[in-house]
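What follows is the residue order along each chain.
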Amino acid sequence: MQPIRYCLLLCGCLLQLALQAQPGKSTKWSRNGQAVYSVENAAIIATGLKDGQSQVTIPAAQLTPQGAAQPLEVKDFIFSADEQKVLIYTNSKRVWRYQTRGDYWVLDVNTKQLKQLGKGRPASSLMFAKFSPDASKVAYVSEHNLYVEELATGEVKALTNDGTRRFINGTFDWAYEEEFGCRDGFRWSPDGRSIAYWQIDATKIRDFLMIDNTDSIYSFTVPVEYPKAGESPSACRVGVVDINTAKTTWLQVPGDAQQHYIPRMEWVPGKNEIILQQLNRKQNQSKLILCNAATGTAQTLFEESDKAWIDVKSRWDDDDITGWDWIKNGSAFVWVSEKDGWRHLYSIEVKSGKETLLTPGNYDVIGIPKVDEAHKLIYILASPKVATQQYLYKVSLDGKGQPQRVTPENQPGTHSYEISPDRQYAVHQFSNNYFYPYSEIVHLPDHKSNGANLSAEIKTKLPAANKQVEFFSVTTVDGVTMDGWMRKPNSFDSTKKYPVLFYVYGEPAGATAKDEFGAGRNPLYNGDMADDGYIYVSMDNRGTPLPKGSEWRKCIYRKVGLINSRDQAMAATELLKRPYMDTSRVAVWGWSGGGSMTLNLLFQYPQIYKTGIAVAAVGNQLTYDNIYQERYMGLPQENREDFVKGSPITYAKNLQGHLLYIHGSGDDNVHYQNAEMLLNELIKNNKVFQFMAYPNRTHSISEGEGTRRHLSNLYTQYLRQYCPPGPR
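Residues numbered from 1 in each chain as written. Predicted model: local features only at pLDDT ≥ 70, side-chain atom pairs only at ≥ 80, totals over all residues. Heavy atoms only, no water.

1. Considerations on the overall build of the chain
The test is simple: Comment: elements are numbered from the N terminus, with helices defined as DSSP H or I runs of at least four residues and strands as E runs of at least two. Radius of gyration means the value over C-alpha atoms here, while the globule rule gives 2.2 Å times the residue count to the 0.38 power. Type-normalised accessible area, obtained with a 1.4 Å probe on protein chains alone, sets the label of each residue: buried when under 20%, exposed when over 50%, and partly exposed for intermediate values. Contacts are assigned to residue pairs that have any heavy atoms within 4.5 Å of one another. For every accessible area listed, the method is Shrake-Rupley and the probe measures 1.4 Å; residues are considered covered only by the protein chains on display. Charge convention: Lys and Arg are scored as positive, Asp and Glu as negative, and His as well as the terminal groups of each chain are ignored. One atom stands in for each charge, and that atom is NZ of Lys, CZ of Arg, CG of Asp or CD of Glu.
A tally of helices and strands in the chain yields 10 helices and 45 strands. Taking 728 residues into account, the globule formula puts the C-alpha radius of gyration at 27 Å, and the chain, at 26 Å, falls close to it. Dimensions of the chain, computed from C-alpha atoms along their principal axes, come out at roughly 75 × 60 × 60 Å. Counting every position in the chain, which comprises 728 residues, the buried fraction comes to 61%. Long-range pairs, those at least 24 residues apart, make up 59% of the contacts in the chain between residues at least 6 apart in sequence. Working note: accessible area of the chain is about 28,600 Å², and carbon and sulfur atoms make up 48% of it. In the chain, which carries 80 positive and 79 negative side-chain charges, the distance between the mean positions of the two groups comes to 3 Å.

The following block contains the structure:
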């Protein structure tokens, strides 16, 4: 379940500082890799990476439609490969989490002509528009159908015509988007003559009906096609449509289309072939399948299985499911597997399926910023020594030698990189618990910056930082060593006792105790917890996605709600032995998966936790979507008792302390029914608690005037009332 950065946790796939998750967030590199494009004062500018000088590439006047008083509000833009045309994305609207539908315009750089695409389509209905390889056409999705538009003539051709809300061409349903990071659902062929696209058939998926009671005198339902745990997935297939004839050839992927997933699909470079990944329903068997685009015939190239589950590309590539890491002129590619107990890179030969381990050693590859075949190396993100941090390393493409750290040794914390097409530069993003998120351009491979001396700035802040957040490790009675951070009161006196607030998440989609900005900070607290005299703590249990080996991450399989809760409780037991912690004032809070953890801790370990604030929690694991819940828990048809044992609702009768439960009634992710099921169980057992419903708010509880202010005040007042601040 899914975190929003700086400590607010939501359900689904991990949203870290993901550069690819939202339109307009990725770096726009120039064709030669020597500059980056950005929008400034309604114009598109280019900033040279060598000298840092900026110049206007597309003036605002050229982005002003004929007869309009103002230029377009640019949400995103994409240059054609020759940089002679640019796609402008504007007037964006939200689809589930992200602003992925809107209007698109094309500017011809030479003629200065600005033209809107899809004029006959409804406003703000176009999705994922992209140029053909020769930039003569643009393809896009609108209202679940795929279209191609000839730029010279303006002719629009429908490539599919059967799309509906529940029969989806070129994009995805709720579950695929949320849990696989799949949004853009079509790919131009290398020759520009055809397009490969996903088709999702959700017609057999039951709608979950949310009720809107506030936007009309009469209430109405808001349907979402949402497969719950135990329900079959949407049927999925991939087709190749000919641009001239609009005829689709369906790839002959073996198996029942409603009992597997296809989370990845790309064209093989320079060939009329497609490679895709197929996962079985349980997501513990993966096949890489090579398909002939003309005939649809398919053959399995590579397959693997896991006793728990197999992660998909979005888990190690900034939540981006697109792209395939090709090497050797397309005759091989880089693949990620945990088959030897660590997340490692392998080279896979297309013809033979032969695999070669590229990153031997007892460490995990966290991410892959870039494959640099010209210099026979791969840039990876890793942290072999400190699991709470992240750095750039380079490894040899031949699988020999040890990884070499590129990030300077005197920059402790969490680093991410977007590397230029020519591999000479990178956008480097950095933060740690005391250093605000910082971005710079660095030269590779020496990591030389054109800007300020970052290492010197970090050093100047270190003395004050050492007094704020303390990183520690604690070993439980079960022999499990967990990492955590602790923020003590500003006027800390070790001879006195202070209340302790634990911040938790604890599921496979996120970690809370990493060394990055936000550690030790509570965005929901109205005030300064350190000034008010609270000790604030967060720890990462087994099952969280830390670079500690696959056994650490996957031992939670079929035990979500049990192993992770016990780890947290046993670590808290050890920590609370410190004499300055007041065991009579111990509180816990979390959001989404963290809300579920809060409930489980409060119900299963009432002797430890006296107060809990749970937001948007999954109270009953059987209510959550099948892709996420079955990945980590199996199929309810086979092991329903595991779902029951891991659900907070099972233990609600044990509530002894104080509980504040919060949920938005318009939550399309963790449905509001979780709240009502939990409330019923608490009422049945005569448990006194407090409950706050936010009408029509989604999983983020952010919509509506005054909402976040109200939520913060509610949270703070409850915590202060039942877990009073200050020393005793």
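2. So, the pattern of salt bridges
Selection rule: By salt bridge we mean one thing: a side-chain nitrogen of Lys or Arg within 4 Å of a carboxyl oxygen of Asp or Glu.
In the structure shown here, the tally under the stated rule is 36 salt bridges. Of the charged contacts, one joins D306 and K554 as a salt bridge, the two residues approaching to 3.1 Å between their closest N and O atoms. Within this pair, whereas D306 is found in the loop between strand 25 (298-305) and strand 26 (326-327), its partner K554 is found in helix 4 (residues 550-554), the two being separated by 248 residues in sequence. A salt bridge links D364 to R553, with the shortest nitrogen-to-oxygen separation between them at 2.9 Å. Of this pair, D364 sits in the loop between strand 29 (355-357) and strand 30 (367-372) while R553 sits in helix 4, and the two are 189 residues apart along the sequence. Residue D364 is classed as buried on the basis of its relative accessible area, which comes to 4%.

3. Some thoughts on the pairing of strand 9 (residues 98-108)
Put simply, the test is: For two strands to count as paired, DSSP must find a minimum of two bridges between them.
Buried residues dominate strand 9, accounting for nine of its 11 residues. By the bridge criterion, eight bridges tie strand 8 (residues 85-95) to strand 9 in an arrangement that is antiparallel. Residue T90 lies in a different strand from strand 9, and its bridge partner there is D103. In this antiparallel pair of consecutive strands, strand 8 and strand 9, the connection spans two residues, and W96 shows a positive phi of 55 degrees.

4. Structural notes on the domain arrangement of the chain
Here is the rule we go by: Domain start and stop positions are those given by an automatic or database domain assignment.
Splitting the chain by domain gives domain 1 (29-158), domain 2 (160-323) and domain 3 (469-722). Measuring from the centre of the C-alpha atoms in domain 1 to the corresponding centre in domain 3 gives 43 Å.

5. Some details on the nonpolar core
To keep it simple, the criterion reads: Nonpolar cores were defined as sets of buried Ala, Val, Leu, Ile, Met, Phe, Trp, Tyr and Cys residues, with membership established by side-chain atoms within 4.5 Å.
Counting residues in each nonpolar core, the largest one holds 48 residues, and the members touching the most others are Y176, F180, L251, I274 and L276. Elements that contribute at least two residues to this core include exactly helix 1 (174-180), strand 17 (194-201), strand 18 (207-212), strand 20 (235-242), strand 22 (260-267), strand 23 (273-280), strand 24 (285-292) and helix 7 (626-633). Here this core spans two domains, since at least three of its residues come from each of domain 2 (160-323) and domain 3 (469-722).

6. Looking at the confidence of the model for the chain
Rule in force here: As a per-residue measure, pLDDT tells how confident the predictor is, with possible values from 0 to 100.
For the chain, the mean per-residue pLDDT works out to 93, and 96% of the residues sit at or above 70. Segment residues 3-21 is flagged for pLDDT under 50; beyond a separation of four residues in sequence, or across chains, it makes 92 contacts in the model.

7. Some points on unusual backbone geometry
P445 follows L444 through a cis peptide bond whose omega is 10 degrees. Within the fold, P445 resides in the loop between strand 36 (435-443) and strand 37 (448-449). Look at N696: it is not a glycine, yet its phi comes out positive at around 60 degrees. With respect to the helices and strands, the residue N696 is situated in the loop between strand 45 (690-694) and helix 10 (707-722).

8. Observations regarding the packing of aromatic side chains
Convention followed: When two rings of Phe, Tyr or Trp (its six-membered ring) have centres within 6.5 Å they constitute a pair, described as stacked for plane angles under 30 degrees, edge-to-face for angles over 60, and tilted for the intermediate range. Charges are assigned to positions over rings by a cutoff of 6 Å between ring centre and Lys NZ or Arg CZ, combined with an angular limit of 35 degrees from the ring normal.
Here the structure, examined in full by the defined rule, presents 34 aromatic pairs. Relative to Y534, the ring of Y525 lies with its centre 5.9 Å away and its plane at 75 degrees, an arrangement referred to as edge-to-face. Since its relative accessible area comes to 5%, Y525 is described here as buried. For R264, the ring lying beneath its charged end belongs to W324, and the centroid distance is 4.0 Å.

9. A word on the packing of helix 7 against helix 8 (residues 636-646)
Packed helices, taken two at a time, are described by the angle between their axes plus the distance between the axes. Using the following cut-off: Interaxial angles span 0 to 180 degrees and are taken between N-to-C directions of axes, which are lines fitted to C-alpha atoms, for helices over the stretch in contact. Here the angle decides the label: under 35 degrees means roughly parallel, over 145 means roughly antiparallel, 65 to 115 means roughly perpendicular, and every other value means oblique. In this classification, Asp, Glu, Lys and Arg are treated as charged, Ala, Val, Leu, Ile, Met, Phe, Trp, Tyr, Cys and Pro as nonpolar, and every other residue, Gly included, as polar.
In the contact formed by helix 7 and helix 8, the axes pass within 11 Å of each other and the chain directions differ by 80 degrees. The angle between helix 7 and helix 8 places the two elements in the roughly perpendicular class. Facing helix 7, whose interface residues are Q629, E630 and M633, helix 8 presents P636, N639, D642 and F643. Split into classes, the residues belonging to the contact of helix 7 with helix 8 amount to three nonpolar, two polar and two charged.

10. Topic: the sheet that holds strand 22
Spatially, 22-23-24-25 is the arrangement adopted by the four strands of the open sheet, whose pairing is antiparallel. The sheet is open, and its two edges are formed by strand 22 and strand 25, each paired on a single side. For this sheet the average axis-to-axis angle between neighbouring strands, irrespective of direction, equals 20 degrees. Here strand 22 runs beside strand 23; their pairing, made up of six bridges, is antiparallel. Directly across from R264, in strand 23, lies its bridge partner Q277.

11. Focus: the sheet that holds strand 6 (residues 54-58)
One open sheet accounts for four strands, arranged 3-4-5-6; its pairing is antiparallel. Since the sheet does not close on itself, it has two edges, and those belong to strand 3 (28-29) and strand 6, each with one partner. Inspection of the sheet shows strand 4 (residues 35-40) paired to strand 5 (residues 43-48) by six bridges, in the antiparallel sense. In the strand pairing of strand 5, V39 is matched with I44.

12. Some thoughts on the UniProt feature "domain: Peptidase S9 prolyl oligopeptidase catalytic" (unreviewed entry) in the chain
Let me state the cut-off plainly: UniProt positions are given in the numbering used here, feature names are shortened, and annotations may be inferred rather than shown by experiment.
Look at the UniProt record and you will see "domain: Peptidase S9 prolyl oligopeptidase catalytic" (unreviewed entry) annotated at residues 529-721. Annotated as residues 529-721, this span is 41% helix and 18% strand, and its ends, taken at the C-alpha atoms, are 14 Å apart.

13. Things to note about helix 9 (residues 673-684)
Our working rule: A helix is expected to reach a length of 1.5 Å times the quantity of its residues less one. In this description, one arc is meant: the one made by directions from the helix axis to the C-beta atoms.
Between its first and last C-alpha atoms helix 9 spans 16 Å; for 12 residues at 1.5 Å apiece the expected length is 16 Å, and the two agree. The set of residues buried in helix 9 consists of N674, A675, L678, L679 and L682. Take helix 9 and look down its axis: the buried residues cluster within an arc of 125 degrees, on one side only. Seen from the buried face of helix 9, the exposed residues on the opposite side, beyond 90 degrees, are N680, I683 and K684. Within two residues after helix 9, N686 carries a phi angle of roughly 60 degrees, on the positive side.

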